[in-house]
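# Topology and contacts: notes
For reference, the chains in residue letters:
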Amino acid sequence: MTITSITGANKGLGRETARRLIECGHTVLVGARNREQGEEAAAALGARYVPIDVTDDASVAAATANVTEHEGRIDVLINNAGVHGPAGDPSDLTAADALAVFDVNLIGVIRTTTVFLPLLRRSDDPVIVNVSSGMGSLALTHDPDRPESHVVAPLYTSSKAALTMLTTQYAKGLKDIRVNAADPGYTATDLNGHSGPQTVTEGTDAIVALATEGPGAGTGRFVSRHGEMAWS
C-alpha cells in the first residue's frame, strides 16, 4: 500500500488531497502543526495525524522519528504547507516578513525533504510533490489575461518562484526519486480569503495526479490540472 505524508494537511488543499488519496487507497499521514486541527482532520478522513511544524528543526526530526517507528517508510512526500504573507504595496516590507514566508514556503520544504529522504529511499517508487503556484511564474504574472498578473503578493510569488527552481534542482540531483511541482491554480482557500473560482477538488487535481502516477513517470515537471506548464 502506498504511504503518503502531506504537510499542512489539516485544511484546504492539503486536507482535500488527503481525502482523495485515501479514496485511491493510500495510507495518508496528515501533517499539521496545530494538534487539535490535525487530529480532527485525521479522524474525519481516516488518516493518521503526525505533528509537524516545517519551520522547526526539532519538530521535523520528531515527525520523521514518528513515521519511522509507525510506518517505517513513505512512498510519497507532498510538501504542501504554505503561507501567503503581505499583499499589495511592498513599500513597508521587512526582512522579518520575508523570513517568515520563505521559512515555510521554501526553507520548510528543504527542511522536511532532507530528513524524510531516508524514509523515501525505502520505497520501491519514491515520489516528492512540491505544491508550488503559477503565481511564481514570470510568464503568467506578466500575462494580462491571467489572474496571476493582477495580484501583488511580493513574498508569496517570489517564494513560489524559488520553489519551482528548487524542484528542478532536486529532480536533477535526486536520481532515485521522482520530484515534480504542482500548480493548483486559483482555488478558494483560506490563503486567499476563498476568492478563487476553483473548488479545492479542482485545485488538487494536479497534486493527486502527480502522487498517483506509476513508476517511470517523468521528473522535473511543473504540472497544472490542464497539463504540463513551462517553467518560465
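Please refer to the structure placed before this passage.
Residues numbered from 1 in each chain as written. Predicted model: local features only at pLDDT ≥ 70, side-chain atom pairs only at ≥ 80, totals over all residues. Heavy atoms only, no water.

The interhelical angle for the contact between helix H1 (residues 12–23) and helix H2 (residues 35–45), taken along N-to-C directions, is 25°, at an axis separation of 10 Å. Between H1 and H2, the crossing angle belongs to the class labelled roughly parallel. Crossing angle aside, the handedness with which H1 passes H2 is right-handed. Every residue of H2 that contacts H1 at Arg15, Ala18, Arg19 and Ile22 is listed here: Glu40, Ala41, Ala44 and Leu45. (Axes fitted to C-alpha atoms, helices over the stretch in contact; angles between N-to-C directions. Helix = DSSP H or I, 4+ residues; strand = E, 2+ residues; numbered from the N terminus. Parallel < 35°, antiparallel > 145°, perpendicular 65-115°, else oblique. Left-handed = near helix turned anticlockwise from the far one by under 90°. Contact = heavy atoms within 4.5 Å.)

Summarising the element assignment, Gly12 is placed in helix H1. Looking at Gly12, the relative accessible area reads 31%, which means it is partly exposed. (Buried < 20%, exposed > 50% of the residue type's maximum accessible area, 1.4 Å probe, protein only.)

On to the nonpolar core. The biggest cluster of nonpolar side chains holds 26 residues, and the ones touching the most others in it are Ile74, Phe116 and Ile128. For this core, the secondary structure elements donating two or more residues are helix H3 (57–70), helix H5 (107–120) and helix H7 (154–173). Looking at this core element by element, the count peaks at five residues for H5. In this structure, Ala9, Ala18, Ala32 and Ala41 belong to the second largest nonpolar core, which totals 23 residues. (Core = buried A, V, L, I, M, F, W, Y, C linked by side-chain atoms within 4.5 Å.)

The interhelical angle for the contact between H5 and H7, taken along N-to-C directions, is 25°, at an axis separation of 10 Å. Between H5 and H7, the angle falls in the class roughly parallel. The crossing of H5 and H7 is right-handed. Across from Val109, Ile110 and Thr113 in H5, the residues of H7 making contact are Leu163, Leu166 and Tyr170. In the contact of H5 with H7, the residues fall into five nonpolar, one polar and no charged. (Nonpolar A, V, L, I, M, F, W, Y, C, P; charged D, E, K, R; others polar.)

So, about H1. In a regular helix each residue adds 1.5 Å, so 12 residues correspond to 16 Å; H1 covers 17 Å between its end C-alpha atoms and thus fits that length. Residues of H1 that are buried: Leu13, Gly14, Glu16, Thr17, Ala18, Arg20 and Leu21. Positive backbone phi, approximately 100°, marks Gly25, located one or two places after H1. (Expected span 1.5 Å × (residues − 1).)

As a further point, take the pattern of salt bridges. In the structure shown here, the tally under the stated rule is 17 salt bridges. One salt bridge in this structure joins Asp205 and Arg225, with 3.1 Å as the shortest N-O distance. Taken together, the residues Asp205 in helix H9 (residues 205–211) and Arg225 in the loop between strand E7 (222–224) and strand E8 (227–228) connect sequence positions 20 residues apart. Taking relative accessible area as the criterion, Arg225 reaches 32% and is therefore assigned partly exposed. With a closest N to O distance of 2.7 Å, Arg221 and Glu213 form a salt bridge. We classify Arg221 as buried; its relative accessible area is 12%. The class of Glu213 is partly exposed, set by a relative accessible area of 24%. Three or more residues joined by partner-sharing salt bridges are found here, namely Asp125, Arg178, Glu213, Arg221 and Glu228. (Salt bridge = Lys/Arg side-chain N within 4 Å of Asp/Glu carboxyl O.)

Take it as geometry only, folks, not as evidence of what the structure does.
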